[in-house]
Structures are given as structure tokens and as C-alpha cells.
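Breakdown of the fold
So the chains spell out like this:
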Amino acid sequence: MTDEKSSLQFDVSHVEDSVGYLIARTRTMLSRAADGALRSRGITHSQASVFLMLGLGKCHTAADLSRDLFIDSAAMKRTLDKLESKGFLLRTQDPADKRLFKLELTASGKEMAAQLPPLYKEVLNVGFTGFSEEELGFLKCLLRKALANRPLLESSK
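It should be emphasised that the depicted structure is a prediction, and the values quoted were computed from it without experimental measurement. (Residues numbered from 1 in each chain as written. Predicted model: local features only at pLDDT ≥ 70, side-chain atom pairs only at ≥ 80, totals over all residues. Heavy atoms only, no water.)

Here the focus is the packing of aromatic side chains. Within this structure, the stated rule accounts for two aromatic pairs. Between the aromatic rings of F51 and F88, the centroid separation amounts to 5.1 Å while the plane-to-plane angle is 75 degrees, which identifies the pairing as edge-to-face. On the criterion of sequence distance, the pair formed by F51 in helix α2 (residues 45-55) and F88 in the loop between α4 (73-85) and β1 (89-94) is long-range, its members being 37 residues apart. Judged on exposure class, the residue F51 and its partner F88 are both buried. Aromatic pair F128 and F131: ring centres 5.0 Å apart, planes at 90 degrees, arrangement edge-to-face. Residue classification places F131 among the partly exposed residues on the basis of a relative accessible area of 38%. (Phe/Tyr/Trp six-rings, centres within 6.5 Å; stacked < 30°, edge-to-face > 60°. Helix = DSSP H or I, 4+ residues; strand = E, 2+ residues; numbered from the N terminus. Buried < 20%, exposed > 50% of the residue type's maximum accessible area, 1.4 Å probe, protein only.)

Tracing the backbone through its elements, the reader meets T106 in the loop between β2 (97-105) and α5 (107-127). T106 gets classed as buried once you look at its relative accessible area, which sits at 15%. At 2.6 Å, the side chain of T106 forms a polar contact with the backbone oxygen of G87. Apart from the residues lying within four places of it in its own chain, the contact partners of T106 are G87, F88, L89 and L90. (Polar contact = N/O pair within 3.5 Å; in protein donor to acceptor, adjacent residues only side chain to side chain. Contact = heavy atoms within 4.5 Å.)

Here we take up the nonpolar core. Counting residues in hydrophobic clusters, the biggest one holds 22 residues, and the most contacted among them are L38, I43, F51 and L65. Listed by contribution, the elements that provide at least two residues to this core are α1 (19-38), α2, α4, β2 and α5. Look past the residues within four positions of L38 in its chain and what remains in contact with it is I43, T44, H45, A48, L116, L119 and Y120. (Core = buried A, V, L, I, M, F, W, Y, C linked by side-chain atoms within 4.5 Å.)

If you want it as C-alpha cells, here you go:
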């Protein structure tokens, strides 16, 4: 494969062969399976994503979460309000910048976050049944390569 830009073909009569369609369908399939597995814990997949990102220390503010999870700020605010009302999350004003609020999981939020990796592992193991380790590694490599194009997509807005 070369570094030349390739032109992806999009034929509406063969949408099921579209890379975008396949990625979207796979994401929806896995998201619905995760929602089903999370139902017994009283949270949704999008809420679980917040637990994971905060639990890993990858994000610290609502803006970080919105940016990293590709969720608009209004939807993120609703999600955070819900998690705060359930006692999973605390918002603390940043002393360095009074406009910002740092997000922190409560003890019950940390407990919930700790329960999620095994649950997601189970969902993914079922979703990727029949894939070899090599295929999964290659898929991850390709997806990281696509995600590296985020700045190009955002600059073309």
C-alpha cells in the first residue's frame, strides 16, 4: 500500500459495501450490546464512557469528555447532570480558572468504573467472535490510522 491518497468509492446502490456504513453498523451493534449489558447496573453506554474516561484519568472536564467522546456539550451536560444526581460524580470549581469545573468520580462512581472493563471485554469478545489476534491487531491499527485524520476533518469544517 502506498502513502498516496486513495479515493473511496461510494455507490448508493451498494451502500452495504461502504466503509462508513460498515463502521457505523458495527458501532451501533456493539453500543446496543453494551447498553443491554449495562442495563442491570442502571447506566447507559454513553454514561459508562464517562466513567471509563474519568476512571482512567484521561479526561478531567466536561470539555475534555465532549472532545474525546465526540459528544456535543449540551448532551454531555445532561449526562453529567444525571451522573451527579445519582451520586457518581462531583464537579469542583477549578481554583486556577473559575470558569472550569473539574470532574471527579465519587466512591460509588469509582466502584462503578471498576466494574465496567470486564463487562466491555465480554461484549467485545462476543462481538468479535471468529477474529484472530492478528486480525484484531490489524483492525486496531487501521482504526488508529483513521483516527489520526481527525485534525484534517476538523480543519475542513
